Amino acid sequence: MTHQPAVSVQASGTREARRVAVASFVGTAIEWYDFFLYGAAAALVFGPQFFPSSNPAVSQLASLTTFAVGFLARPVGGIVAGHFGDRIGRKRMLVISLLIMGMATVLVGLLPTYAQIGVAAPILLVVLRLAQGVGVGAEWGGAALMAVEHAPPSRRGLYGAAPQLGVPAGAIVANLVLLVASTSTREAFVEWGWRLGFLVSFVLVIFGLVIRRRLTESPLFEEAARHRPARVPLLEVLRDHPLAVLRAVFVTGASTAMGYIILTYILSYGTAEVGYSRNELLIVVILTSVVQLGAIYGLSGLADRFGRRKVIAAGAIAQAVAALLFFLVFDTGVFVLALVACVVTVITVSAQYGPLPALLSDQFPTRIRYSGVSLGYQLGNVVGGGLAPVVATAIFTASGSSLLVGVYLAGMALLALVAVALTPRGEA
């Protein structure tokens, strides 16, 4: 497979590259705030509010399934944004994606419950969750490529990690908002307190739009646009780079699966099956996300020095081991041990997740890069992140064994290891 080098023109100056990286981080953090807020609310309150059932497990599974629905819509957002991002530019897609996500999130905060409007409530919730999925699916490719394509050639791993940093940042803010809201009585939190975080999104989106409109377009895209752009970028990706897409799916799937187990699944599993309080687990997620911010930054810098493939492969091996041990420690019911289990595991996730934008960008030529990285990454999130809480719930419900959930996550990590081993070196 041959394609043009990942860096074909002079990248932006360091000052501009930093400004773009900061803007990518802020905008992505806002979008992930919206996305994680939904995930936390799905784990904590959406079951009885929108899917009432005499069996709490059925209600909880239905609620978590709507979380997964958002991931099914992400490839659609990635494909559509990829098409236009490769033809008219990355910057415009970032503005549109933020608007879609923001509007959907605010409307979730205003949505009546099942008790108020009946079956229309869960239907509308699913529609809004699909809109969230489209928005975040359109977001990632543009944010990642803006950061990577503006970066100095020797720092593409570090600068490309900017949108990845938005994930733990968004999780921190979302869970802090829920933690503050949950200081009210249980009845008040379930009745109206959870809505506050969704309504706050309106202010955050306006802030993000102001920042993004000031960005300059990717210099690599502008160079590619001087030549004839791909008529249908997705078809060119599937025709010329199908194995690159498949590798991206599995490299992405492992880290996102483990990440969403920590950020979403343990909120429901830990309270219902182990006996942690809701606030204990929110604090665990917040502190773990703080550690992840530093881990992504540091490990992405190491990837520029030692190679992205090596760092990601090491992370996959470490995740396989951590996944097998995770529930043995978490299931003790001891707060400090739960925190240790999550922190250690999220470091293995960060080794894979931080350098990922630069690694995937290397696999596709500029003219179809938005479509290629978006398709591979978003499908990986469906296979990994979106289905992980549902698969974990189903495995535990059927077997009663959390160890089997760990085996499932270790298997995902080993698939990622094989995929990254088969990834051509290129610029990586």
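Keep in mind it's a predicted model, so treat the numbers as computed, not measured. (Residues numbered from 1 in each chain as written. Predicted model: local features only at pLDDT ≥ 70, side-chain atom pairs only at ≥ 80, totals over all residues. Heavy atoms only, no water.)

Before going further, it helps to spend a moment on the overall build of the protein. Within the protein, the secondary structure is distributed over 19 helices and zero strands. Here the C-alpha atoms of the protein give a radius of gyration of 20 Å, agreeing with the 22 Å that 2.2 N^0.38 yields for 428 residues. Counting only C-alpha atoms, the protein reaches 60 × 40 × 35 Å along its principal axes. Across the 428 residues in the protein, those meeting the buried criterion constitute 61%. Counted over contacts in the protein with a minimum sequence separation of 6, partners at least 24 positions apart contribute 88%. (Helix = DSSP H or I, 4+ residues; strand = E, 2+ residues; numbered from the N terminus. Rg over C-alpha atoms; globule rule 2.2 N^0.38 Å. Buried < 20%, exposed > 50% of the residue type's maximum accessible area, 1.4 Å probe, protein only. Contact = heavy atoms within 4.5 Å.)

Evaluated as defined, the whole model comprises two cavities of 30 Å³ or more. Its volume calculated, the largest cavity comes out at about 110 Å³. Residue lining of the largest cavity: 13 residues in total, with Val167, Thr256, Gly259, Tyr260 and Tyr353 positioned closest to the centre. Put simply, the parts of the chain that give the lining of the largest cavity at least two residues each are helix H1 (14-50), helix H12 (242-274), helix H15 (335-353) and helix H17 (369-386). (1 Å grid on protein atoms, 1.4 Å probe; cavity = no way out; pocket = protein on both sides within 12 Å on 5 of 7 lines; lining within 4 Å. Points joined across faces, edges and corners; volume = space filled by probe spheres on them.)

Another aspect to go through is a nonpolar patch on the surface. On the surface, Val321, Leu324, Leu325, Leu328, Leu403, Leu404 and Val407 cluster together into a nonpolar patch covering about 620 Å² of accessible area. Breaking the nonpolar patch down by element, the ones donating at least two residues are helix H14 (308-330) and helix H19 (402-421). Considering each element in turn, the nonpolar patch owes the most residues, four residues, to H14. (Patch = residues over 30% accessible without salt bridge, like charges linked within 9 Å, V, L, I, M, F, W, Y side chains within 5 Å. Areas by Shrake-Rupley, 256 points an atom, 1.4 Å probe, with all protein chains shown as cover. Salt bridge = Lys/Arg side-chain N within 4 Å of Asp/Glu carboxyl O.)

Let us now look at the layout of surface pockets. Taken as a whole, the largest pocket encloses approximately 510 Å³ of empty space. Residue lining of the largest pocket: 20 residues in total, with Pro56, Gln60, Ser268, Thr271 and Ala272 positioned closest to the centre. If you list the elements that add at least two residues to the lining of the largest pocket, you get H1, helix H2 (56-87), H12 and helix H18 (388-399). The greatest single-element share of the lining of the largest pocket, amounting to six residues, is contributed by H12. Of the residues in the lining of the largest pocket, the class split is ten nonpolar, seven polar and three charged. Built from parts of two domains, the lining of the largest pocket gets at least three residues from each of domain 1 (14-229) and domain 2 (233-423). If you add up the space inside the second largest pocket, you get close to 220 Å³. Among the elements of the structure, H1, helix H6 (156-160) and helix H7 (162-181) are those that each provide at least two residues to the lining of the second largest pocket. (Nonpolar A, V, L, I, M, F, W, Y, C, P; charged D, E, K, R; others polar. Domains from an automatic or database assignment.)

What follows deals with the domain arrangement of the protein. A common way to express how large an interface is: the accessible area buried when the components associate. The assigned domain composition of the protein is domain 1 (14-229) and domain 2 (233-423). In this structure, domain 1 and domain 2 have C-alpha centres spaced 18 Å apart. Taken together, the contacts link 63 residues of domain 1 with 50 residues of domain 2. Carbon and sulfur atoms supply 71% of the area buried between domain 1 and domain 2, which totals about 4800 Å² over both sides. Of all residues in domain 1, Asp86, Trp140 and Gln164 give up the largest surface area on contact with domain 2, accounting jointly for 12% of the area buried on that side. Run the count over domain 1 and domain 2 and you get two salt bridges. The partner of Asp362 in a salt bridge is Arg156, and the shortest N-O contact between them spans 2.8 Å. Our enumeration of links across domain 1 and domain 2 arrives at 15 residue pairs in polar contact (both at pLDDT 80 or more). Secondary structure elements with two or more residues in the side of domain 1 that touches domain 2: H1, H2, helix H3 (90-110), helix H5 (120-150), H6, H7, helix H8 (186-193) and helix H10 (219-225). (Buried area = accessible area lost by both parts, 1.4 Å probe. Polar contact = N/O pair within 3.5 Å; in protein donor to acceptor, adjacent residues only side chain to side chain.)

Attention now moves to the packing of aromatic side chains. In this structure the tally under the stated criterion is eleven aromatic pairs. Aromatic pair Phe46 and Phe50: ring centres 5.3 Å apart, planes at 90°, arrangement edge-to-face. Linking Phe46 with Phe50, this pair stays in helix H1, spanning four residues, or about one helical turn. Relative accessible area serves as the criterion here: at 0%, Phe46 is assigned to the buried category. (Phe/Tyr/Trp six-rings, centres within 6.5 Å; stacked < 30°, edge-to-face > 60°.)

Glancing now at the packing of helix H11 (residues 233-240) against H17. The description of two helices packed together rests on the angle between their axes and the distance between the axes. Here H11 crosses H17 at 65°, and the two axes come no closer than 8 Å. Classified by the angle their axes make, H11 and H17 are roughly perpendicular. Along this stretch, H11 crosses H17, giving a crossing that reads as right-handed. Only Ser371, Gly372 and Leu375 of H17 make contact with H11, whose side of the interface consists of Pro233, Leu234, Val237 and Leu238. Of the residues contributing to the contact of H11 with H17, the split by class is five nonpolar, two polar and no charged. (Axes fitted to C-alpha atoms, helices over the stretch in contact; angles between N-to-C directions. Parallel < 35°, antiparallel > 145°, perpendicular 65-115°, else oblique. Left-handed = near helix turned anticlockwise from the far one by under 90°.)

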